[in-house]
Structures are given as C-alpha cells and as structure tokens.
Amino acid sequence: MSGVRILTVGESEGESRLDRFLKKRFPEITQGAIEKLCRTGQIRVDGGRVKASTHVLPGAEVRVPPLPKTEGGPPRRDAATIPGTDAEMIQAAVLWKDEHIIALNKPPGLPSQGGSGQGNRHVDGLTGALMFGFKDRPKLVHRLDKDTSGVLLLARTDRIARALSEAFRARTTRKIYWAAVAGMPNPKMGTIRFGLVKAPGHGRGGEGEKMIAIHPAKIGETEGAKRATTDYAVIDGLGTRAAWVALVPVTGRTHQLRAHMAEIGHPIAGDGKYGGSGQENLGDGWGAQLGGEISRKLHLHARSISFDHPITGKRITLTAPLPDHMKRTWATVGWSEGDAPADPFDEAEA
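In this text, all values refer to a predicted model and were calculated from it rather than measured experimentally.

(A) Fine view of the pattern of salt bridges. Here the structure, examined in full by the defined rule, presents eleven salt bridges. Between D19 and R17 there is a salt bridge, with the nearest N and O atoms lying 2.7 Å from each other. Judged by its relative accessible area of 27%, R17 falls in the partly exposed class. Here R258 and D145 are joined by a salt bridge, their closest N and O atoms 3.3 Å apart. Here R258, found in helix 5 (residues 256-263), pairs with D145, found in the loop between strand 9 (139-140) and strand 10 (149-155); they are 113 residues apart in sequence, far enough to count as distant. Judged by relative accessible area, which is 10%, R258 ranks as buried.

(B) View of the environment of A217. Locating A217 in the fold gives a position in the loop between strand 14 (211-214) and strand 15 (230-238). You can call A217 exposed: its relative accessible area is 61%. In sequence terms A217 and G195 are 22 residues apart; their C-alpha atoms lie 9.2 Å from each other.

(C) Broad picture of helix 5. Most of helix 5 is tucked away: seven of the eight residues are buried. The complete set of buried residues in helix 5 reads Q256, L257, R258, A259, H260, M261 and A262. G265 occupies a position one or two residues after helix 5 and carries a positive phi of about 90°.

(D) Inspection of the packing of helix 1 (residues 18-25) against helix 2 (residues 31-39) at higher detail. At their nearest, the axes of helix 1 and helix 2 sit 10 Å apart, and the two run at 120° to each other. The orientation of helix 1 with respect to helix 2, classified from their angle, is oblique. For the element pair helix 1 and helix 2, the recorded crossing hand is right-handed. In contact with L18, D19, L22 and K23 of helix 1, helix 2 contributes Q31, I34 and C38. Split by residue class, the contact of helix 1 with helix 2 holds four nonpolar, one polar and two charged.

(E) View of the nonpolar core. Counting residues in each nonpolar core, the largest one holds 38 residues, and the members touching the most others are I90, L104, V123, L247, I268 and L300. Looking at this core element by element, the count peaks at four residues for helix 5. Residues within four places of L247 in sequence aside, it is in contact with K175, I176, Y177, A179, T230, D231, Y232, L257, M261, I268, L300 and F345. Residues F21, I29, I34 and L67 belong to the second largest nonpolar core, which totals 20 residues.

(F) Structural context of the pairing of strand 11 (residues 174-182). With respect to burial, strand 11 is a largely interior element, eight of its nine residues being buried. For strand 11 and strand 16 (residues 242-249), the ladder comprises six bridges, and the chain directions are antiparallel. Residue pairing across strands places W178 opposite A246, the latter belonging to strand 16.

(G) Molecular detail of the packing of aromatic side chains. If you walk through the whole model with that rule in mind, you get four aromatic pairs. Here the aromatic rings of W178 and W244 are separated by 5.0 Å at their centres, their planes lie at 75°, and the arrangement is edge-to-face. Residue W178 is found in strand 11, and its partner W244 is found in strand 16; the two are separated by 66 residues along the sequence. Comparing W178 with W244, the two get one shared label, buried. Measuring from ring centre to ring centre gives 5.0 Å for W330 and W335, while their planes differ by 85°; the resulting arrangement is edge-to-face. Across the pair, W335 and W330 agree in class, each one buried. Pairwise contacts between aromatic rings join W178, W244, W330 and W335 into one cluster. Above the ring of F134, the side-chain terminus of R156 is found at 4.1 Å from the ring centroid.

Analysis parameters
- Residues numbered from 1 in each chain as written.
- Predicted model: local features only at pLDDT ≥ 70, side-chain atom pairs only at ≥ 80, totals over all residues.
- Heavy atoms only, no water.
- Salt bridge = Lys/Arg side-chain N within 4 Å of Asp/Glu carboxyl O.
- Buried < 20%, exposed > 50% of the residue type's maximum accessible area, 1.4 Å probe, protein only.
- Helix = DSSP H or I, 4+ residues; strand = E, 2+ residues; numbered from the N terminus.
- Axes fitted to C-alpha atoms, helices over the stretch in contact; angles between N-to-C directions.
- Parallel < 35°, antiparallel > 145°, perpendicular 65-115°, else oblique.
- Left-handed = near helix turned anticlockwise from the far one by under 90°.
- Contact = heavy atoms within 4.5 Å.
- Nonpolar A, V, L, I, M, F, W, Y, C, P; charged D, E, K, R; others polar.
- Core = buried A, V, L, I, M, F, W, Y, C linked by side-chain atoms within 4.5 Å.
- Pairing = 2+ DSSP bridges.
- Phe/Tyr/Trp six-rings, centres within 6.5 Å; stacked < 30°, edge-to-face > 60°.
- Lys NZ or Arg CZ within 6 Å of the ring centre and 35° of its normal.

Here you go:
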C-alpha cells in the first residue's frame, strides 16, 4: 500500500473496534502494528487520535498511513495472482456497473471480507479481478454475511465510497431481502423492534459471533445492547409450515434479520445458528429445517437495492436473481418470483 488512504466505515462495519475494522480491511496487519500507529497518531478517526480499542461508527473516516511491507499474513491479490476460476466466478457475479459503481449478486458461501480461516477467497480479496481497466480496485461499501446472497455494492473511488456510505447512514438507500421462514408470521405484516447484544465468550475474530435479542423495554438497562428495527411482510405461504417473506433492515446490526425472525418464532430456513442445526419445523414446532427436498442452506437473499446515484442523482434500483438452492425451494413449494411486487411494503402495490 502506498500513500495515505481515507477509509469510510460502512453501515454494516460500524459499532466495532477499530483494530477489528482494520484487520478485516487489511488481513496482513498485526495487532502490534495497529497499536503503534495509533500511539504515534498515524491512524486517526475523523481527524482525532484514537486507541486500537476505539469503537468506530458508520460514516466515520479512518486515516490509514502506508503500512509496513514486512507484516505477515496474506496480502490482497492483484489480478495476475487470482486463480482463473475465481476471477471468472466474481466477474460472472457482476449484476450492473458503470464508471463509478459495481453491483454484484454475491453467491452464498462467499465471505464479503477476510476473517479467521477465510484466506483470500472473499469478495474484498478478489477485487483485483473487478478493475475492468481502471487503475484502482473497487471498494466494498457494505457487507453481507457469508451465507447470505444478493446485491452487494462496490465503489470505484474513495469519493463514491464516502457518498454511498453516507446514503446508507442517512437511510436514503433501501434494501429489501427475501427469505423463506419456518411457520407463518401473524400478523402477516409488521415491525420487529427487539434490541440486539453480542453474546459473550465467542471467537476474538468474530467467527463464533452470535447476537441475543433484548426486549425493547430492557434495552436501556442491558449493557452493550443496540436498538434494532426490522420491517417484514409475508408474500406467500405454504399453509402453516413455511412463509416467503420480504424483510427491510431499518437499522443495520450484525445478524439482525436472522436474530429477529428467530426471536418471533419464525427462523429463516437453513439457519443453524439461530434456528437450530437439526430441528425440523413441519408447522407444529420449532426449528429452521423444513425437511423433505428443501435445502439445508440459509434461505436469505438481498433481493434488491435502491439508491440515489452519487454523480447523476438518478434513482437506481437493482434486483438480484435467487441463488440456485432458493430457486429449487421456490419451485418445490410452488412460489413464483414473478408473483411478488417490487416493494411488498408499498400499499399501492400490495
């Protein structure tokens, strides 16, 4: 890395420690190097001196100096070092692009960024294959969980990354997810307002991370709890056994959609972390496995995103096709993608 960089904290990257934020962006940097750069004032947040343990918030600007070349760990690969199959895979995932923004339909199972045991096979590590003649790698604006598929935005420049991050923070960007959940939510449209707090004692790199739902009345008295809001709407159902729901994360907490749906008794199909790894739910009990021919993979997909283009001002709406395992589930239960309104929460369409 040459020269000073200004990184903007994305919506889903916020409310985490500065050292963890930096390690996800730069897997090669060590804890000792981060602490030294903080002590000497070379790493700053919004212009101020910070500690490695400082929590960063969405929209914050992190100043990162040139990093030592001697740091251990795998560096981000340039296009020449990315295996051809990986380059083809990530290029095939491009949903839409212009000279400012690239949108991917991220496959399930591919992490957005590096972490414990991830190596270099993640979106951020493959951006060298997404330069398309530009001199700089595109930059992640937000993230999706490893097993969540769907629309993921990358910015070609720091300026566009800052503009899109601000749009996420100001909530002018609208994301709609699709999920198959166990059981039938009642009522069929509503808002979930349980707070979320990280469970103690899990992996230092977040690999064992799990969120615990907190009743809204107890958020203020629960240390570390953050308010979280999710809108949901049922699109179709399979009796009382399963439902096809649209989800809008009004806030952007870790695992928010998964934890919220499990908390109201309707875990997302295939979610072993929040819905039980083996429990089958046939409409009369608890569990995230629907049994039969239904895939045991997570059924959560970032279906669409709408945002104002930072340069043209035009409202852009992008829609991502379902991954194969969700297509098979939809076909098995008789749901049709074409039956869903573009925005199930729009009363004019509902």
